[in-house]
Amino acid sequence: MSEGERKRPDEREDDVSAASAGEQRTGALEDGVSAVNIGERRSGAPEDGGSAVSAGEKRTEAPEAGAAATGAGTSRPEAAETAADGARTEPAAPARRKETEEEKAARRKAALEAREAAKAAKAAAAAQDAAAQAGSPGAAQAGPQAASPGAASAGPAGAAAETNEPPPKPPSPNQPRLDRAVQLLRELVADDAVESASINEANDHLPTLVVRKERWLQAAKLFRSHEELNANYLRNVTGVDYETHMEVVYHLLSLDSGHNYAIKVRTDRDRPSVPSVTPVWETANWNEREIYDLLGIDFPGHPDLRRIMMPDDWEGHPLRKDYVPLDPEV
Amino acid sequence: MCVIRTEELLLNVGPQHPSTHGVFRIIVKLDGEIITEATPVMGYLHRGTEKLAESLNYTQIIPYTDRMDYVSAMTNNYVLVHAVEKMMGLTVPERAEFLRLIVMELQRIASHLVWWGTYLLDIGALSPFLYAFNDRERILQLFNELCGARLTYNYMRVGGVKWDAPEGWIDKVKAFVKSMYGKLDDYHALVSGNEIFLSRIKGVGAYDAETAIAYGLSGANLRSTGVKWDLRKNEPYSLYDRFEFDVPVGRNGDCYDRYVVRMEEIRQSLRILEQALEQFPPEGETMGKVPRVIRPPAGEIYVRIESPRGEIGCYIVSTGKAEPYRLKFRRPSFVNLQILPKLLVGESMTNLVTILGGIDIVLGEVDC
């Protein structure tokens, strides 16, 4: 019965959305041809094809360069390089490497204008948004920096990283909050504490930071105790196996201000280990046990790291992508 | 004259024990009747939902969410489809969203009724259970008419709901809401002032707001300490910002406050239902325009809603395929249960049942 029921919705959806499915398909085609009028997220998917990792990487790194260039005000050449690499998959720009920085900037600017013309209608609407948010400091910073030739490599490359997105995009309302968190971590924890920072727009503009593993425990304490961040509530902890590396994602919340943050900590896959934050948030205890159980990530500093879901004598960690069940029939 | 030799007693409770509300096991060390240490053991109902989901498409995952928190399947449905819709930027027709909200609030009442009945059963009052299940049955009957299932509904879809409300259904819900107000008063008259009941739960299993926050508690477990945090109000989703309702909070964070908060939540749900039924659009689509194959764009998202037990969250990592790369559920029961060992130390064996029941767990959700 359940199978019958499972089939029926598909049939019905066929009828209802045949037209929209068609639209969708042409949309998907366009993705490949011109990354121009399609959002960054959508163009990423088909290009990267099967590779999950690069999709994830690209998404986090691209906006990061933007943040480095526009927001935090620190120029980080490596970040800019990676961002440019990410953007290079865009078919419109095959010989990017050979150009000088100035040429790059000029061409990007031209591309930007061309896109604006092509999407006049949308631009108008977006401009309204921009006007609404012109007061925010992020917007004020982004303008002059991108234009100034003095910003050399970091500035234009940062802009390039964003070329995948619709052009006159106002900075996220949460950008100042993200910049502030990055600044605090760099000042109070360590210069290299933050690997990258971005805004996850689809997720209500969630400020997302990738924190270096070695600095995570300190950073966690800062998040918990610093009066500006005050992230006293750990909502969720997730472990993800990206096949090239492992990632632990922490969703933090400040119950007083209602501000959300997502923190990612990356670790290598062969001997995955992330410092435990159970001393900081009690709630991490079972969450970390679950991640240890299902993904095999070690949490040094955890008071009682044992399996929690699987039997104690279970072999392997089921949520790993390369997990092979002992009995294939189960 | 001889000296009585005493020694520590190791007692195993569960996994098959009626007071554990499922297959939950707890190993307690006893000094006389006082618990000195408690070690919960879980996983008896672990089905690997998150692993299974990685090889299923999103529509196929919906029935699995039914089986997580099987006392509140509608909210589980919602958190998944809501996450996917948000990733894809889909809009849901208003009628569908209204239907979702109505079933979610009905579900909250049904879930709290199950809790109320079984909690009192745990403590030793047998008859309230019958009252509670009688009224819950009326809600299940309504669900049955709507989607043909009493417990595992598989009702919501990405972009809308599977079935429109049958004719006269809204009126039946209206009638139910109207009568439920009176029933709620009856419940209070029957139980809430009972001296024995109060002496069993007042001041038992108390913790303060700081502890609750550190342990990541949510739902009534958090609100009983006085923290006014309800995702329907604080991070509104669905249509909740259109309706007027209050968020009841307690003060002492004990079992009694949790009882009061949950009972009051039933009344607030009824209030929401009243308004929603009044504003229910008389006609309209129940399914939005959705691509034939649901492929959320590459990226990740964490959405959370207020289930009867607290914050249920769904974290999806998508690579642009029809199946999620990683799907994680933040289950309120699992997180809330964590505080149990801390609460039990120093309590008597009798209070184990009171405290465990007061947390309100569903094992399908703890083990996932």
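Rules and cut-offs
- Residues numbered from 1 in each chain as written.
- Chains lettered and ligands numbered in written order.
- Predicted model: local features only at pLDDT ≥ 70, side-chain atom pairs only at ≥ 80, totals over all residues.
- Helix = DSSP H or I, 4+ residues; strand = E, 2+ residues; numbered from the N terminus.
- Rg over C-alpha atoms; globule rule 2.2 N^0.38 Å.
- Buried ≥ 20, exposed ≤ 12 C-beta atoms within 10 Å, placed from the backbone.
- Contact = placed C-beta atoms within 7 Å.
- Core = buried A, V, L, I, M, F, W, Y, C linked by C-beta atoms within 7 Å.
- Pairing = 2+ DSSP bridges.
- pLDDT = per-residue confidence, 0-100.
- Axes fitted to C-alpha atoms, helices over the stretch in contact; angles between N-to-C directions.
- Parallel < 35°, antiparallel > 145°, perpendicular 65-115°, else oblique.
- Left-handed = near helix turned anticlockwise from the far one by under 90°.
- Nonpolar A, V, L, I, M, F, W, Y, C, P; charged D, E, K, R; others polar.

> Got a sec to walk through the overall build of chain B? Specific residues and values, please.
From N to C terminus, chain B includes 15 helices and ten strands. Its C-alpha atoms give chain B a radius of gyration of 21 Å, near enough to 21 Å, the size a compact globule of 368 residues would have. Its C-alpha atoms give chain B principal-axis dimensions of about 85 × 45 × 35 Å. By residue count, 55% of the 368 residues in chain B fall in the buried class. Of the contacts made within chain B by residues no fewer than 6 positions apart, 69% connect residues no fewer than 24 positions apart.

> Outline the overall build of chain A, supporting the account with residue identities and numerical values.
Each helix and strand counted, chain A has eleven helices and five strands in total. Scored against the burial criterion, the 330 residues of chain A give a buried share of 43%. When contacts within chain A are restricted to residue pairs at least 6 apart in sequence, long-range pairs at least 24 apart make up 61% of them.

> Please give an account of the nonpolar core that cites residues and values.
Grouped together as the largest cluster of nonpolar side chains are 161 residues, with contacts concentrated most on Leu209, Val211 and Ala219 of chain A together with Ala83, Val84 and Ile102 of chain B. The element contributing the most residues to this core is helix α4 (residues 94-123) of chain B, with 17 residues. If sequence neighbours within four positions are ignored, isoleucine 102 of chain B has contacts with Val173, Leu273, Ala276 and Leu277 of chain B.

> Describe the pairing of strand β4 (residues 245-253) of chain A, with residues and values.
Within a regular strand, the side chains alternate between the two sheet faces. Residues and elements named next belong to chain A. The element β4 is largely enclosed, with a buried count of eight among its nine residues. Hairpin connection, strand β3 (residues 233-241) to β4: the antiparallel pair is bridged by three residues, and glutamate 243 has positive phi, about 70°. Taking the residues that link successive antiparallel strands as the turn, the β4-strand β5 (residues 260-268) hairpin has six residues, and the phi of glycine 258 there is positive, at about 80°.

> An account of the confidence of the model for chain A is requested, with residue identities and associated values reported.
Residue and element names in this part refer to chain A. Counting all residues, the mean pLDDT for chain A is 67, and 48% of those residues have values of 70 or more. Note on residues 1-96: pLDDT is under 50 here. Beyond four places in sequence and across chains, it has 153 contacts. A low-confidence stretch, residues 131-162 (pLDDT under 50), is modelled with 63 contacts involving residues beyond four sequence positions or located in other chains.

> Please give an account of the packing of α4 of chain B against helix α11 (residues 255-279) of chain B that cites residues and values.
All names here are of chain B. Following both chains from N to C, one finds α4 and α11 inclined at 155°, their axes separated by 9 Å at the closest point. It follows from the interaxial angle that α4 and α11 lie roughly antiparallel. Handedness of the α4/α11 crossing: left-handed. Contacts between α4 and α11 involve Phe98, Leu101, Ile102, Glu105, Arg108, Ile109, His112 and Trp115 from the first element and Arg262, Glu265, Ile266, Ser269, Ile272, Leu273, Ala276 and Leu277 from the second. Across the contact of α4 with α11, the residue classes break down as ten nonpolar, two polar and four charged.

> Before we move on, could you go through the pairing of strand β10 (residues 326-330) of chain B and cite the residues and values that matter?
Counting buried positions over the five residues of β10 of chain B gives five, a clear majority of the element. The alternating pattern of β10 of chain B places Arg326, Lys328 and Arg330 of chain B on one face and Leu327 and Phe329 of chain B on the opposite face, and all of these are buried.

> Please provide a residue-by-residue account of unusual backbone geometry, values included.
In this structure, glutamate 243 of chain A takes a positive phi of about 70° despite not being glycine. Within the secondary structure, glutamate 243 of chain A is located in the loop between β3 and β4. Residue glutamate 243 of chain A is classed as partly exposed on the basis of its C-beta count, with 14 C-beta atoms lying within 10 Å. Unlike most non-glycine residues, aspartate 360 of chain B shows phi in positive territory, near 65°. Among the structural elements, aspartate 360 of chain B can be located in the loop between α14 (349-359) and α15 (363-367).

> How would you sum up the sheet that holds strand β2 (residues 206-211) of chain A? Please name residues and give values.
All names here are of chain A. Spatially, five strands are ordered β1-β2-β5-β4-β3 in an open sheet, and the strand pairing comes out mixed. Both outer strands of the open sheet, β1 (194-200) and β3, are each paired with one neighbouring strand and no more. Each strand of the sheet is rotated relative to its neighbour by a mean of 20°, with strand direction disregarded. Of the strand pairs in this sheet, β4 and β5 are connected by nine bridges, and their pairing is antiparallel. Counted as the bridge partner of valine 249 is lysine 264 from β5. Relative to β1, helix α9 (residues 175-188) is tilted by about 165°, and along the sheet it contacts β1, β2 and β5.

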